[in-house]
Each structure stands twice: as C-alpha cells, then as structure tokens.
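Per-entry structural report
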Amino acid sequence: MSEDATPSLGIACPGIARGAYDVAIIGAGVAGCCCARELARTSGSLLVLEAGDDIACGATRANSGIVHAGYDPEPGTLKARYNVEGSRLYPMWAAELGFSYVRNESLVVGFDERDERALVALSLRGAENGVEGLSVIDGEEARRLEPNLSAEVTCALRVRTGGICDPYEVALTALENAVQNGAEVAFDARVTSLERVRGGYVIGLAGGGRVCARAVVNAAGVHSAELHNLVCARKLQIIPVRGDYLLYDPTLGPTFSRTIFQVPTTAGKGVLVSPTVHGNLFVGPSAEPQADADSVATSRRGLTAILEGARRTWPQASSRGVITNFAGVRAKGAGHDFVIGEPDDAPGFFDVACLESPGLTSAPAVAVDIARRVARRLNLGARPDFEPRRAPKRRLARMDADQRTRAMREDPAWGHVVCRCSPVSEHEVVRELHGTLPVLCLDALKWRTGATMGRCHGGFCTPELLRIVSRELGVEPSRVEKRLRGSWIVSRSRPGYARLAAAACDEAAVDVPEPAQVYDVVVVGGGAAGMAAAASARAAGASVALIDREASLGGIMRQCIHNGFGLKRFSEELTGPEFASREAALLDGVDVWSSSSVLALHPGVLHELEVVCPGGARFVRARSVVLACGSRERGFGALGIAGDRPSGIYTAGSAQALINLHGCLPGRRAVILGSGDIGLIMARRMTLEGMEVEGVYELLDHPSGLKRNIVQCLDDFGIPLHLSHTVVATHGAGRLESVDIAAVDPATRRAIEGTEQNVACDTLVLSCGLIPENELAREAGVALSPVTEGALVDDRLETSIPGVFACGNALHVHDLADLAAAEGDAAGAAGASSARSGRVASSDPVVPVEPGPGVRYVVPQRLHGGGCPVTLSFRVSDVARDVSLEAVAELADGGEMTLRSRRARVVLPAEMERLEVTVSPEAALVASRVVVRVASASQKRGDA
Ligand SMILES: Cc1cc2nc3c(=O)[nH]c(=O)nc-3n(C[C@H](O)[C@H](O)[C@H](O)COP(=O)(O)OP(=O)(O)OC[C@H]3O[C@@H](n4cnc5c(N)ncnc54)[C@H](O)[C@@H]3O)c2cc1C
C-alpha cells in the first residue's frame, strides 16, 4: 500500500455553468429543493447553491418525518396555514415525484382528565385550522387501535390525516424533478456574502467564487437568519435546538402502525413513537438548545431522556433492538413562527426562514407560494414543457421475480447484490453514480440507494461500495469521503486501485449452472459450515446445490489470512483461505452457484428459493434446505454510544476486508472496542501494516476472545487490554478525532460517571460480538431463539420448519471454523437423509434441552431419545473455576439422571463448551427435560 500524499481531496464537484441566473436558491434542504421544483415551472434560469456535498445536510436529514395534520399550530400563524396546505399537497406530490408517503394516522394520547381537556381544545384548534377527521376517543378504544399502548393512557385524539414520509427522499425527488426541468445544482457552494446591486444580488461563495441572481431564495435552514441579516435591517434570530432519536430494527416496526404523540406542552410536541416508511420504529426527539448550529452529536442525557419519555406511551421501550441514534437541529425562530417572503427593505430576496417543525410538512405549500411571488417579482412566465412527474427509479427490493428477470436481462449488474440487508444491486449504485445529481460522498450513495442502511450498517458493503465508486468515478479510495469535507474513509490504498478495480470488473465472468429440476439439498451460504454441509450431503448420495453471494467460496475465511484454522479438522495449522480451499476441494458433484444471492425461502412440500445472480432471477426447488448464512457483526448503532457520527468507525470485519481484500488501510491510530477474536486479530494486523493501536477496551471483566489470540495478537505486540472499560462518546465532525473512555462497574456493566478519559484516535474498530444472520429464516417463519438469535433446532439440526436445517454461525456463533464445519457435516447428512426419507417424522419421544445455572444457552434445544450420541454445544454465563459441567435428565418423578459430566479447571463465556450425551428411548419417556449446568466441583467433592 502506498501512502497518499493528501488523504482527503474529495471527489471533484462539477463547477457552476454560468455567471448569472434569474433565481438562486440557497440551501438544498427540503425547503430549497421544493422551491426549486416549483420555480422550475417558470421560464427563469435557476441555480441551487448548497454548502454541503449532498442535499439535505441540515434538519431535513434528521427529523421525525411526520406529515403533521395541522391541529397543533396557533390559528392564524404561518405555521398553521402552510401546515394544513402542505399536508393536503403531500399525496399529490408523492404521486408525481414517486416518494414514499403513508397516511398512517396519528394518536395524541393523554393520561388524565386535564389531558383530556387539552385534547378537546386541540381538536377544536385543529377544526379552526381546517383539519378534518379529528375525534377524541377513550383509552380502551386507543388500545384497540394500538394494542402496545400503555395501560395508563386514558384518552386520545385520533388524527386521520396524519402521515409519514422519508424527508431525504422528498427533497431528493423534488430536486431531481427540478433538474429534469432545467435547474442547476452546485454542491460544496457555501454562500458567505450577499450584496444587493441594481437588478439583483451578487452572491459570494466560500473559496472566492461569485454568482449573480435577480432573485434570491434564502432556504439555508438553521443558517437562514445569518443570510437574512446580511441584507435586511430588521434582524432575525434563530436558536438551534437539538433533538436526539433512537431508531429500532424493522422487527420492531409493527409495534405501532400509527404515530403516537403525547399531549403537547409549551416545550413542544414531546417524545413520540412512530413507525417509518421503511418499516423501522423510532422514539424521540429530545429538545436541547445549543450554541453550535451544526453539531449533531447526540448526548447520553438526551438519549436517556427520550427513552424515559417514550415509556409513558410504550412501556416496553428499551435499548434492545436499537440500531442507531442520531440527532437533528431545529431552526427555532425567536418569533415562534415561520418567516416566509420578501422583507420590505430587500426586494428580490425571499426568506424561507425559521422553518422549524412543521417545516417538512409545510415545504410543498411554502414552495408553491414562494414560486408564485418570485415569478411575480421577476415577471417570469410558465415553462411550457414543464414535466411534473419524475421518472420512477426501479429498486431491486421492490421488484417481483418477473421484473427482476427482465432487469437482469437488461443489465446483469441487477443480479449483483451489493447491500445484502436492503437489498441493493450494483446497477442501482452505478445508476446513482452517473445520475441526475452528482455523488460526492459515500453517504449520498447510502441515502439515495439505501445501501449500508440495513441491519449490518455497512459492515459488509462499505468496502464493496468504495470499490464501485473508485471504479466508476476513477478516484482512489483515499479521496472518497463519508459526508463532510475531511471525512476520509481510508488513509492509504494500494497503488493504481481504481485501474485494478476496473480491470477486475472486466474479467469477472460468472458461470451459474441451470437448476436441476429439484435438488435433494440446497445449502445457502458457502462458508466453513455451508461447504461442509454440501460435501456431506453429496457424500450421502444427495443431489446438492451450494449457493453463495460471493464470487468465490469461503465466507468470512476469505479475508482471514492469519493462521489458526484447521487444527481439529485437518490436524494442520492453516490460514482461512487455505482452509476454504481444502473444503472446496471436497465439493465434487455439487452444483456451486457463486455470485448468487438468495432473497427469499418459501417453505413447502418442496421448498422454493428465490435466487438472483448475474445470469438472471431463478427459482430453485429443494427437498431439504440447509441454512448456513453465517453471522454479521454488532454495529456501532447498536452500542448506544452518544456523540458525533464521523468517518473512521469500522467493525473489525470491515477493517479486515479493507486491508486484506482491498489493500486499503482504514486509518493511522486505532482504538479497539471489544475483545472479540476478529478485533484481536485486527490489532495485530493493523500494527503490522504500520498503524498505531492504542489499546483494546472491553466492557466485561474478562476477555471475549480466545486466550491464544490475547497472547499472540496483543501481548506479543505490547498492545494493552483494558478490561471493564468502554467507549462512551465519539468526537469529530468529519473524521474521528477522539473517543471518551470510561471505567465500567463490573456489577452493573454501566459506565462510571466521572471516570471519562479522552483518547485521541482517528479509527475506532468494533469487535463487540457476532449475530447470526437469519433474515431468510425469520421471513420464512423459522422459530428463532431470543438468546442465540439463531434457529431453534433439534439434535438433527432441523428447525421448526420440517426439512429446513441450520448450522454454523447462522445457528449460533462458533469460536472455530473447525467446529462450524463439523456442525455443517451433521446438518448436510441430516438434510440428505430427510430428503431421502421424504421427511418421515421420527417416532422417538422429544425432550426439551435447556440451560441450567451458569449456562447462557444450549444448542440443540430439543432432542429425540433415539439412543444416538448427540453433541450439546453451550456457553457459560460467567468465568468460573474448578467446576463440573453437567448434562442431566430431569425425570417426571422429581429425580434426575446424569447423562454426562466433565470437570473443568476454568470455563469462559468466550469459549464454547461441548458435552456428548445419549438419551435412550426409555430415558426419554420418563425425562421431562435435559438441563446443562455448571456446578462447583469442590461442592461435588464434598458431597462425595
Ligand atoms: C428534531 C427535529 C424534528 C422534526 N420533525 C418534523 C416533523 O416530524 N415534521 C415536520 O413537518 N417538520 C419536522 N421538523 C422540521 C423540519 O425538519 C424542518 O422544518 C425542515 O427540514 C427544514 O428544511 P430547510 O430546507 O429549511 O432546512 P435544512 O434542512 O436545514 O436545509 C438547509 C440547507 O441549507 C444549507 N446551507 C446552510 N447555509 C448555507 C449557505 N450559507 N450556503 C449554502 N447552503 C447553505 C445547509 O447545508 C442545508 O442543506 C423537525 C426538525 C427537527 C430538527
């Protein structure tokens, strides 16, 4: 890898085409973008100037996304007028522009008689504002509509015209429509001066550029008062008020179908709970006035306050299921109302200022009004060929199988799934890179395509996106930024990266076999477990297909170039790629579908899998399916860390992929959070590549990784391991600059206030655990364990759906590839046998298997008493010394039978334990359950 001279140059922004325009709009938030769309209806020439390197860099990026009905604002205010008009325009704008908008209704809930009086008053105020469809209902009726509502709710205002949207998408589609109709856009164009001259304004830009316009629309959000004050005698004041949010995984999306408000107070609309148009759920916002208009760093206090506030309406609200936290800044005007229109002393200057909530709702109505006024001022006619409809963009995630097949015939890149969570194809990424609006940073791609927004938060797809950007735009990865200037993503890349990326693309030829009529076994996932499953099913005589999304097999092992693999399975110390090629060599007779993603599993008598691959969209049928989809890493958003959201925060697996697969170095000085094995391996790898690793910080009072990795990766390199410490905040607007680290109370596992220390670093690597990747299983209806997050299986590794098996990290997280492969052997053999026998259910009695004292989980969770040996895999809850690990059958008569016990000098949660047991049919008949537990060995000795 070569050190690039200047790590952060950014992707070049196209320049401004002309020196003078009829209208310049300052700010590409939702207000500026909507104004651009409406002004594009006129004959005037139009330029949008945006300080950031994407649209929606201000409040529009981070807000509640609620299209308010309009019952809340004081009658007679601009807020009331534009809110109600805007809410009425939303359905039409959504249809024309193609953004997501759902009229999901809202409930404003109350908890006592005083609240009920407030709700009646709110309903009357709404009627005065012209809002239709308001009714006050009682608590029971409210809970009938929303069963997860608190039992404390006694009354609610039902608002039938409340809606939700994606604010970024509203702004994006409006601006794209404006550009389609002739508007021009300049990013990275911060307006720093405004001078009124005859016939208009001279606009000065940061960096020295100037542009003239006959009229100016000031839509600069929280900075709109500064621009107003440059040209107007009567000054405006904006108080920035930050609001923090918690966003939940889509699995919690269905908790509420309506947006739930609490009775508003003078401080605002309070904490709300709402679904989003993308199927997530969020709670927030807080309301914290702050001096800095641009800081969107969340605070621990704010995050705690919104959870407490949310529990009033949703008592189950907790940090479980949170995938990220974020903040937005409200532009609160000192005058408490919007400031819209032309001030007396600045003709041709139009304010869209102090646009706090309900500004998103109001934006279309404000835009219609502003365009009318500007057109009148400049005497602009109508553009005869204005096209109000924006050409819709196809999305892989929204296509049915026929549409996918057609799309892939047009361009095989539709079949390359870049972001597996959403899913987003390479075609969509490339389309944006050469689309209507320039892409100057990775976050623009994220927001426009949805890539990196899913469960893994970019853990898997960030390196791949970087490669596509580099290839398509011809920029070296070290010039690509996350969002703001200075938010570089990697500090170094291999020489000629962009050229190599383009060449690799030309060479990639994918050979996907035509599906056999019906396979006996289809294995999903070609890592250690999946390859072993496919080979063992084939060895048992089954016809087998092995499907994997990557171009080559091996799963996570492809990037694990260190040794330590294969000691158990091959009695040799191998690297990850070596282990993978040994397993791949055993796949003779297996149809391998590489570069192929399974999007859905439809269980049935014959299971059907929907697959996309560059060759097209296919349906594959199978008698048995083995799920071996591996795991993903716990991402930053799930850790509840407050602060800024700069670049430089990676999961250990992404950092590993960047270095080992892409030849890019993530940074220069790293802190590692969590002592999982991949983090330990990366501590050594980054050190060897010349990075400084400041230390590894672990929340628990014991390491999470294997002892051998602590010794070989930390001790041998002098890297300190700090147990009972965690990161509590991140700092840095562009690139990460430092983290705050606090000591942790081992009893509560909470950070101890007052112990925070600031540690300088430009890279934070997270090694905080793996989560089985189970979306396919979940959507297919497979019952999952809340503890392992993998499937609940029996001793043949069969899930709750007959003929569907699970193994490897998709079932529960393994320490060693060897053990995952051994589980794959078993699952493959069971899949083949089930396919052959036509899924004849076993007549042996079934006994549940459960964790007892000291044990966190056991797999499998049920076993057949058939007299065959079964391996119980489990993890202990805590470090314990001098213990006995026991599997006992509890008998119906209250007694118990020891099935197996083993002494251990020390047991660690980081290391998986195994006990082999055999339950005879006779024992199974009298056993109520099998329990695995940790007992004190000294106690045992005493008993003896
Ligand atoms: C926490 C929170 C929750 C909210 N919830 C809702 C809601 O549910 N419903 C609702 O209707 N409203 C809501 N709002 C309000 C809504 O988000 C805003 O009213 C709306 O997004 C404002 O849009 P804007 O275009 O005026 O400002 P912004 O989105 O802030 O855009 C201003 C743009 O101007 C650019 N800019 C600034 N200065 C310059 C300069 N000198 N030169 C060039 N460009 C410049 C910025 O980079 C930015 O992109 C909420 C706001 C917040 C913060």
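Residues numbered from 1 in each chain as written. Predicted model: local features only at pLDDT ≥ 70, side-chain atom pairs only at ≥ 80, totals over all residues. Heavy atoms only, no water.

**Some words on the site of the ligand**
The environment of the ligand is formed by 36 residues, the closest being Glu50, Thr60, Ile66, Leu355 and Thr361. In the environment of the ligand, an oxygen atom lies 3.2 Å from a nitrogen or oxygen atom belonging to the backbone of valine 30. Within the backbone of isoleucine 66, an N or O atom sits 2.8 Å from a nitrogen atom of the ligand. Expressed as a share of its isolated accessible area of 1000 Å², the protein-covered part of the ligand is 96%. (Near = heavy atom within 4 Å. Polar contact = N/O pair within 3.5 Å; in protein donor to acceptor, adjacent residues only side chain to side chain. Areas by Shrake-Rupley, 256 points an atom, 1.4 Å probe, with all protein chains shown as cover.)

**Thoughts on a negative patch on the surface**
Together, Asp112, Glu113, Glu116, Asp138 and Glu140 line one region of the surface with negative charge. When its relative accessible area of 35% is taken as the criterion, glutamate 116 is described as partly exposed. (Patch = residues over 30% accessible without salt bridge, like charges linked within 9 Å, V, L, I, M, F, W, Y side chains within 5 Å. Salt bridge = Lys/Arg side-chain N within 4 Å of Asp/Glu carboxyl O. Lys, Arg positive; Asp, Glu negative; His and termini not counted. Charge placed at Lys NZ, Arg CZ, Asp CG, Glu CD. Buried < 20%, exposed > 50% of the residue type's maximum accessible area, 1.4 Å probe, protein only.)

**Here's the deal with the pairing of strand E48 (residues 855-859)**
Regular strands place their side chains on alternate faces of the sheet. Burial runs high along E48: four of the five residues are buried. By the bridge criterion, four bridges tie E48 to strand E50 (residues 869-876) in an arrangement that is antiparallel. Residue valine 855 lies in a different strand from E50, and its bridge partner there is valine 876. (Helix = DSSP H or I, 4+ residues; strand = E, 2+ residues; numbered from the N terminus. Pairing = 2+ DSSP bridges.)

**Some points on the domain arrangement of the chain**
With domains assigned, the chain is organised as domain 1 (20-60 + 168-237 + 336-378), domain 2 (106-160 + 239-330), domain 3 (393-507), domain 4 (649-768) and domain 5 (845-944). In this complex, domain 3 contributes 19 residues to the contact, which on the side of domain 4 involves 19 residues. Buried area between domain 3 and domain 4, summed over both chains or domains, comes out near 1400 Å², and the portion from carbon and sulfur atoms is 57%. Interface area lost by domain 3 to domain 4 is led by Pro463, Trp488 and Arg492, which between them contribute 38%. Summed over the shared surface of domain 3 and domain 4, the number is zero salt bridges. There are ten residue pairs in polar contact (both at pLDDT 80 or more) connecting domain 3 and domain 4. Secondary-structure elements contributing two or more residues to the side of domain 3 that touches domain 4 are helix H12 (462-473) and strand E24 (492-493). At four residues, H12 tops the list of elements feeding residues into the side of domain 3 that touches domain 4. Considering only residue class, the side of domain 3 that touches domain 4 consists of eight nonpolar, six polar and five charged. (Domains from an automatic or database assignment. Contact = heavy atoms within 4.5 Å. Buried area = accessible area lost by both parts, 1.4 Å probe. Nonpolar A, V, L, I, M, F, W, Y, C, P; charged D, E, K, R; others polar.)

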